[in-house]
Amino acid sequence: MIKLQGSLKISGDKSISHRALIFAALSVGESKIRNLLESRDVFATINILKELGIKIRKKSNFWVINGNGTDGFLEPNKALNCENSGTTARLMIGAVASNPISCTFIGDKSLSKRSMSRVTNYLEKIGAETKLTKENYLPLMITGSNNLLPYNHSCSIPSAQIKSALILSGLNIKGKTTIIEKRKTRDHTERLMKYLNLNFKIKKFKNKQTLLELNGPYEIKSKDISVASDPSSAAFFIVGALITPGSKIKLTNIALNPTRIEYIKILKKMGGNIRIKKTRKLCGEDVGTISVKSSKLKGINIDSKLSPLLIDEYPILSIAATQAKGAMTMKGLGELRHKESDRIKSIVINLNKLGFNVEEKNDNITIRYSKTVIKNVKKIRTYGDHRIAMSFSILNLLYKDRILIDDKDCIAISYPKFFQHLKQLQK
Ligand code: S3P
């Protein structure tokens, strides 16, 4: 039986990598970025920034970015291709809005089915002109302005991408931009802004809403950034170690941002033997080591309130649930329909195909324990979704490669070194 053992440094965090590049581009002067995730999504952001006139190059083990300031983007000569990356699209649409240029954003088939009006509706209110395909999708055209209006935004969908797009648009607006967030989402943008010494306010209310107040325009002084390692990528190996008997692993340099590691609390409640040790602060983020031993898991109920904090981890939590005694119910997963694939469908169809007892009802998924023996080779459809491909690759540790993944290449979207790292841990 395969087990996972040893220590590993996971690749850089995807969310922080996009933001590090964008903020370096909006700074004045040269910044170096270390441990940048070199994945397809992040390269989409690099290529778009280059099209907008930013000089970016790689030197030995770091990247050098020459920023042009918050109003320094040049009008691109061709369409800006976000490929599969929702974060690239949403954040860059926000970032170009406060520059007086016209841009066309395009993406791959999957991204072209994901909502962009969730960002442009706000940008229209402050004076950017946008034209979307079928009023919601890429390709979209945007004409920005360096005279956008200060505005009080209120975000109804809990989404770090929407919030970050509005923050980025606000950096070159004269006056006060406020953003109310009803439910907490990942806060890497705010942490990076603090690290870069930007002056802004955060107020937390008793009803759990948060108000962010920007006072632009900002001049950002360039500063080197080191990217902490990705807790969402770590989740695959953590679950891998929990479900394979005899495993014991240590993952180092992981971003311990509370908006990203809620899944560890869930796995611990399920009986997972996981220890977290904070080791240092890195560019505004707490960073540390996560140690995991294989464990007997039990199913629990996950409340819908937690969904913004678990948004990328439901696929791998579903894999943990297949090995947990009892029943596991994950509630309020509606936003999963707007990801790289309809993740409710991708989880349920594939687990059912493998013979697991899975039920979907009103955006909730219930997985009941059943001792499933996979005798014949079964083919999983990833729908081009990297997190689905990695989740089922982890389940495969228990089924000796009897699970075939139709498209492993999509893993390079967020974690090109996934199989190399998995092999390193495999004993
Ligand atoms: C991200 C935010 C989340 C997450 C995505 C990365 C970010 O999306 O699913 O992988 O970097 O801001 P939403 O903002 O749509 O929840």
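Shown above is the structure to which this text applies.
Read on for an overview of the structure.

Thresholds, definitions, all that
Residues numbered from 1 in each chain as written. Predicted model: local features only at pLDDT ≥ 70, side-chain atom pairs only at ≥ 80, totals over all residues. Heavy atoms only, no water. Near = heavy atom within 4 Å. Polar contact = N/O pair within 3.5 Å; in protein donor to acceptor, adjacent residues only side chain to side chain. Areas by Shrake-Rupley, 256 points an atom, 1.4 Å probe, with all protein chains shown as cover. Helix = DSSP H or I, 4+ residues; strand = E, 2+ residues; numbered from the N terminus. Nonpolar A, V, L, I, M, F, W, Y, C, P; charged D, E, K, R; others polar. Domains from an automatic or database assignment. Buried < 20%, exposed > 50% of the residue type's maximum accessible area, 1.4 Å probe, protein only. Contact = heavy atoms within 4.5 Å. Pairing = 2+ DSSP bridges. Right-handed = clockwise from strand over helix to strand, strands pointing away. Core = buried A, V, L, I, M, F, W, Y, C linked by side-chain atoms within 4.5 Å.

The environment of the ligand is formed by Lys14, Ser15, Arg19, Thr87, Ser159, Ala160, Gln161, Arg186, Ile311, Asp312 and Lys339. The backbone of Gln161 places a nitrogen or oxygen atom 2.9 Å from an oxygen atom of the ligand. Burial of the ligand by the protein amounts to 96% of the accessible area it has alone, namely 380 Å². Breaking the shell around the ligand down by element, the ones donating at least two residues are helix 1 (14-26) and helix 5 (160-170). It is helix 1 that provides the largest number of residues to the shell around the ligand, a total of three residues. The residue makeup of the shell around the ligand, split by class, is two nonpolar, four polar and five charged. A domain-level breakdown of the shell around the ligand finds at least three residues from each of domain 1 (14-214) and domain 2 (229-425).

What follows deals with the environment of Lys184. With respect to the helices and strands, Lys184 occurs in the loop between strand 10 (175-181) and helix 6 (188-195). Judged by relative accessible area, Lys184 falls into the partly exposed class, the value being 35%. Distance in space between the C-alpha atoms of Lys184 and Tyr415 is 26 Å, their sequence separation being 231 residues. Discounting residues that sit within four places of it in the chain, Lys184 has contacts with Thr259, Pro308 and Leu309.

The next thing to look at is the pairing of strand 9 (residues 152-155). Only one face of strand 9 is covered, namely the face carrying His153 and Cys155; the face carrying Asn152 and Ser154 is uncovered. Pairing between strand 9 and strand 10: four bridges, direction parallel. In the sheet register, Asn152 faces strand 10, and the bridge partner there is Thr178. Handedness of the crossover joining strand 9 and strand 10 through helix 5 is recorded here as right-handed.

Turning to the pairing of strand 8 (residues 137-143), a few remarks are in order. Looking down a regular strand, the side chains alternate between one sheet face and the other. What you see with strand 8 is a clean split: Leu138, Leu140 and Ile142 sit on the buried side and Tyr137, Pro139, Met141 and Thr143 on the side with no burial. Sheet topology note: the strand 7 (residues 129-133)/strand 8 ladder contains five bridges and is antiparallel. Paired with Leu132 across the bridge in strand 8 is Leu140. The hairpin formed by strand 7 and strand 8 contains three residues between the paired strands, and Lys134 there has a positive phi angle of roughly 45 degrees.

Moving on: the nonpolar core. Residues Phe73, Met92, Phe105 and Ile142 are the most contacted members of the largest nonpolar core, which totals 71 residues. Considering every element that reaches this core, the biggest residue donor is helix 1, with eight residues. Here this core spans two domains, since at least three of its residues come from each of domain 1 (14-214) and domain 2 (229-425). Here Phe73 is in contact with Ala25, Leu26, Leu49, Leu52, Ile54, Met92, Ala95, Val96, Asn99 and Ile101, once residues within four sequence places are set aside. Counting residues in hydrophobic clusters, the runner-up holds 70 residues, among them Ile290, Val292, Ile344 and Tyr415.

Attention now goes to unusual backbone geometry. Backbone torsion omega between Leu138 and Pro139 reads -10 degrees, so that peptide bond is classified as cis. When you line up the elements, Pro139 lands in strand 8. Put simply, Gly216 and Pro217 share a cis peptide bond, and its omega is 0 degrees. Of note in this structure, Asn35 is not a glycine but carries a positive phi near 55 degrees. Secondary-structure assignment places Asn35 in the loop between strand 2 (27-34) and helix 2 (40-51). Judged by its relative accessible area of 23%, Asn35 is partly exposed. With a phi close to 50 degrees, Cys283 is a non-glycine residue in the positive phi region.

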